[in-house]
Amino acid sequence: MKEIRVRLGARSYSIVVGSGNLRTLASWLRRSGVGGDAVVVTNPLIRRLHGQKLFRALKQGGCSVKVFEVADSERSKSVKVAFSLVEKIARYGADKKVFVVAFGGGVIGDLAGFVASSYKRGVPFVQVPTTLLAQVDSAIGGKVGVDLPSGKNLVGDFYQPKLVLADVKLLSSLSERQVRNGLAEVVKYGVIADTTLFAYIEKNFEKLLKNDPGAMAKVVTRCATIKAAVVSKDERETKGLRTILNFGHTIGHAVEAASNYRIHHGEAVALGMRVACEISRRLKLMSALEAARLETLLTALGFSESITGIAPAKILHAMRFDKKFKGKKNRFVLARSIGKVIVRESVPPSVVEKSIESFLA
Ligand SMILES: NC(=O)c1ccc[n+]([C@@H]2O[C@H](COP(=O)([O-])OP(=O)(O)OC[C@H]3O[C@@H](n4cnc5c(N)ncnc54)[C@H](O)[C@@H]3O)[C@@H](O)[C@H]2O)c1
Ligand SMILES: [Zn+2]
């Protein structure tokens, strides 16, 4: 088991990564000083698969446990669902020392974190992520929020958890598509910060796709360490550092939206990373050889080599609605090599368009 610290002064917290470490939750809760009344936010599927293990661990820590389920859908990440949860917690816990436990993937984590940040102007909150994407990315860093009809993640805040407990055993029930979805983010960490991690994925991609617990624990630990370091230096994305976590995401978000979410986040990010490398290559920032290394790895992991069924105009249109676009200037995280990225503004639109077009089927 590994403990990683997110260092943010009074808001510092631990990320604990292991295999089977959900059993140790009680002692970590005691250390992080949350209350005694756990309100668990989850969905019916995760509750059925893994709920008993969590409830047992909470009760062992002497906590009372109340469970609120939401539907298994991105649509649960809404203002309506969030405030109905706040209302339910208020009715249940007026006289209690409530803390919120997010037990699920990124949807549950973002929603439950937002609920915890809103109820009584903030109650303690613990993340127990159950998808690979949530363990390496969304459960860490305090971005909480919900979607609006006009766009994803448009309401929310930075609200740090008191603890993140990532147990890779919980990942055993994920489908291969969901594992792959998370692996796109794992590859991203390799490209932005860690050649050793990238080489590890190249060597162990089959184990990772098969959800091997040892390989999973290794990459989750490494990714969580990288994200913790970035967040510790730039909590609110004001210093430009946190921006590098968006490698592959400018195009990725646009592809996701333009496909009406038929293409999943990780699949879209994989395409986004391919396009970002192509832009980097066209701007002579990255060698063709390095770009080919990323291409090869993404293909080995089973990611599509081309964008199918979406018009480039639709992707460019979706990009203009990206929160990360400052005014009219575009902004891309581009690669110099595997392990090193830079942020570039005002990339010529023709280069962006040609790069997207080179991946059309
Ligand atoms: N806050 C952040 O920093 C951040 C970062 C990245 C993504 N996100 C958000 O995360 C969300 C996506 O997260 P996700 O990919 O985890 O999707 P998700 O939460 O929808 O989970 C994917 C599916 O896996 C199921 N599932 C969860 N755990 C499982 C398990 N152990 N076994 C079997 N099935 C399981 C879920 O029920 C769901 O059907 C998006 O809303 C995105 O905006 C947030
Ligand atoms: Zn992502």
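Coordinates for the structure precede this section.
A. Structural view of unusual backbone geometry. Although it is not a glycine, Lys120 adopts a positive phi angle of roughly 50 degrees. Looking at where Lys120 falls in the secondary structure, it is placed in the loop between helix 4 (106–118) and strand 6 (125–129). A residue is classified by how much of its surface remains accessible, and Lys120, at 51% relative accessible area, is exposed. The phi angle at Asn260 is positive, at roughly 55 degrees, despite the residue not being glycine. Take Asn260: it is sitting in the loop between helix 9 (249–258) and helix 10 (265–282).

B. How the structure looks around the pattern of salt bridges. Scanning the model with the defined rule gives 22 salt bridges in all. Across the pair Glu87 and Arg91 runs a salt bridge, and its minimum N-O distance is 3.2 Å. Taken together, the positions of Glu87 and Arg91, both in helix 3 (residues 79–93) and four residues apart, correspond to about one turn of that helix. A relative accessible area of 64% places Arg91 in the exposed class. Notably, a salt bridge pairs Lys188 with Asp137, separated by 3.9 Å at the nearest N-O pair.

C. Quick peek at the packing of aromatic side chains. Applying the stated rule across the entire model yields two aromatic pairs. Ring centres of Phe83 and Phe114 lie 6.0 Å apart, and the angle between their planes is 65 degrees; on these two criteria the pair is classed as edge-to-face. You can see Phe83 sitting in helix 3 and its partner Phe114 sitting in helix 4, a full 31 residues away along the chain. Looking at Phe83, the relative accessible area reads 42%, which means it is partly exposed. Classification of Phe114 as buried rests on a relative accessible area of 7%. On the basis of an interplanar angle of 15 degrees and a centroid distance of 6.3 Å, the ring pair of Phe125 and Tyr159 is categorised as stacked.

D. Summary view of the packing of helix 9 against helix 10. The interhelical angle for the contact between helix 9 and helix 10, taken along N-to-C directions, is 135 degrees, at an axis separation of 7 Å. Taken together, helix 9 and helix 10 sit at an angle that is classed as oblique. Along this stretch, helix 9 crosses helix 10, giving a crossing that reads as right-handed. Residue-level inspection shows His249, Ile251, Gly252, His253, Val255 and Glu256 of helix 9 in contact with helix 10, the latter providing His265, Ala268, Val269, Leu271, Gly272 and Val275. Residues that form the contact of helix 9 with helix 10 fall into these classes: six nonpolar, five polar and one charged.

Quick notes on the rules
Residues numbered from 1 in each chain as written. Chains lettered and ligands numbered in written order. Predicted model: local features only at pLDDT ≥ 70, side-chain atom pairs only at ≥ 80, totals over all residues. Heavy atoms only, no water. Helix = DSSP H or I, 4+ residues; strand = E, 2+ residues; numbered from the N terminus. Buried < 20%, exposed > 50% of the residue type's maximum accessible area, 1.4 Å probe, protein only. Salt bridge = Lys/Arg side-chain N within 4 Å of Asp/Glu carboxyl O. Phe/Tyr/Trp six-rings, centres within 6.5 Å; stacked < 30°, edge-to-face > 60°. Axes fitted to C-alpha atoms, helices over the stretch in contact; angles between N-to-C directions. Parallel < 35°, antiparallel > 145°, perpendicular 65-115°, else oblique. Left-handed = near helix turned anticlockwise from the far one by under 90°. Contact = heavy atoms within 4.5 Å. Nonpolar A, V, L, I, M, F, W, Y, C, P; charged D, E, K, R; others polar.

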